[in-house]
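Fold and contact review
For reference, the chains in residue letters:
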Amino acid sequence: QKPKGRGMPELPHGVASCGQTPPITKENMPKELPPLPAGVWGKVVAKAGLMKYTLLDDQGSVKSCVWMKAGAPVTIEPQTKYSLQMMGADACFTIEFFSKKPEADAASLPKSLMNPRPPTSPVTVGLVAAAVVAAAAVGYYYIKSRK
């Protein structure tokens, strides 16, 4: 592993993809980002907006940080503490996971990253509620017209 600008690691040779998160936004980001399991590397890719990736030491102190724009990847080493801050409402990222034994390590990927919590903003909840009401109304009028 060679440091890449500002002390950031790169993916080692010989690893293969073993999974990828769905797009993660401010609305569905896990409350805490877990360290990756032993043998699993992550590549964070900013899809939109601006993000700050912070590499932490074992005590939680900042070792280094880098700002990421859309398309900019950052590598997460196995069992490393880190944080991601999204700047702006449109910020979005994915994490692709890599391992030297992808089939075996796919099952050990953090569940909170693979299944992020559903969006819960008031706007999203309102849109879902409006869609349910509209569907119920259409169904009611359809049934009523068939009688």
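Residues numbered from 1 in each chain as written. Predicted model: local features only at pLDDT ≥ 70, side-chain atom pairs only at ≥ 80, totals over all residues. Heavy atoms only, no water.

Details of the overall build of the chain
- For the chain, the helix and strand inventory stands at three helices and six strands.
- Walking the chain from its N terminus toward its C terminus, one meets helices and strands in the order β-β-β-β-β-β-α-α-α.
- Contacts in the chain between residues far apart in sequence, at least 24 positions, make up 78% of those at least 6 positions apart. (Helix = DSSP H or I, 4+ residues; strand = E, 2+ residues; numbered from the N terminus. Contact = heavy atoms within 4.5 Å.)

Quick word on the environment of Gly19
- Mapped onto the fold, Gly19 is located in strand 1 (residues 16-20).
- For Gly19, a relative accessible area of 19% translates into the label buried.
- Considered as a pair, Gly19 and Ser99 are 80 residues apart in the sequence and their alpha carbons are 9.6 Å apart.
- Residue contacts for Gly19: discarding those within four places in its chain leaves Ile95, Glu96, Phe97 and Leu109. (Buried < 20%, exposed > 50% of the residue type's maximum accessible area, 1.4 Å probe, protein only.)

Comments concerning the confidence of the model for the chain
- Summarising the model, the chain shows a mean pLDDT of 79, and 72% of its residues fall at 70 or more.
- Scored below 50 in pLDDT, residues 1-5 shows ten contacts in the model against residues more than four places distant or in partner chains. (pLDDT = per-residue confidence, 0-100.)

Quick word on the side chain of Thr94
- Along the chain, Thr94 turns up in strand 6 (residues 81-99).
- Sequence-distant contacts of Thr94, that is, excluding residues within four places in its chain, are made with Gln20, Thr21, Pro22, Pro23, Lys43, Val44, Val45 and Lys47.

Remarks on the nonpolar core
- Met51, Tyr53, Met68, Tyr82, Leu84 and Phe93 are the most contacted members of the largest nonpolar core, which has 25 residues in total.
- Only strand 3 (40-56), strand 4 (62-69), strand 5 (73-76) and strand 6 provide two or more residues apiece to this core.
- Of all the elements, strand 6 adds the most residues to this core, at seven residues.
- Discounting chain neighbours no more than four positions away, the residues touching Tyr82 are Leu33, Pro34, Pro35, Leu36, Tyr53, Thr54, Leu56, Ile76, Ile95 and Leu113. (Core = buried A, V, L, I, M, F, W, Y, C linked by side-chain atoms within 4.5 Å.)

Comments concerning the environment of Cys18
- You can see Cys18 is positioned in strand 1.
- Distance in space between the C-alpha atoms of Cys18 and Glu103 is 6.7 Å, their sequence separation being 85 residues.
- Aside from chain neighbours lying at most four places away, what touches Cys18 is Phe97, Phe98, Ser99, Pro102, Ala106 and Leu109.

Things to note about the packing of aromatic side chains
- Taken as a whole and judged by the stated rule, the model has one aromatic pair.
- With 6.1 Å between their ring centres and 25 degrees between their planes, Tyr53 and Tyr82 make a pair best called stacked. Placement of Tyr53 in strand 3 and of Tyr82 in strand 6 is noted, with a sequence separation of 29 residues between them.
- Taking the relative accessible area as the measure of exposure, Tyr82 reaches 4% and is therefore buried. (Phe/Tyr/Trp six-rings, centres within 6.5 Å; stacked < 30°, edge-to-face > 60°.)

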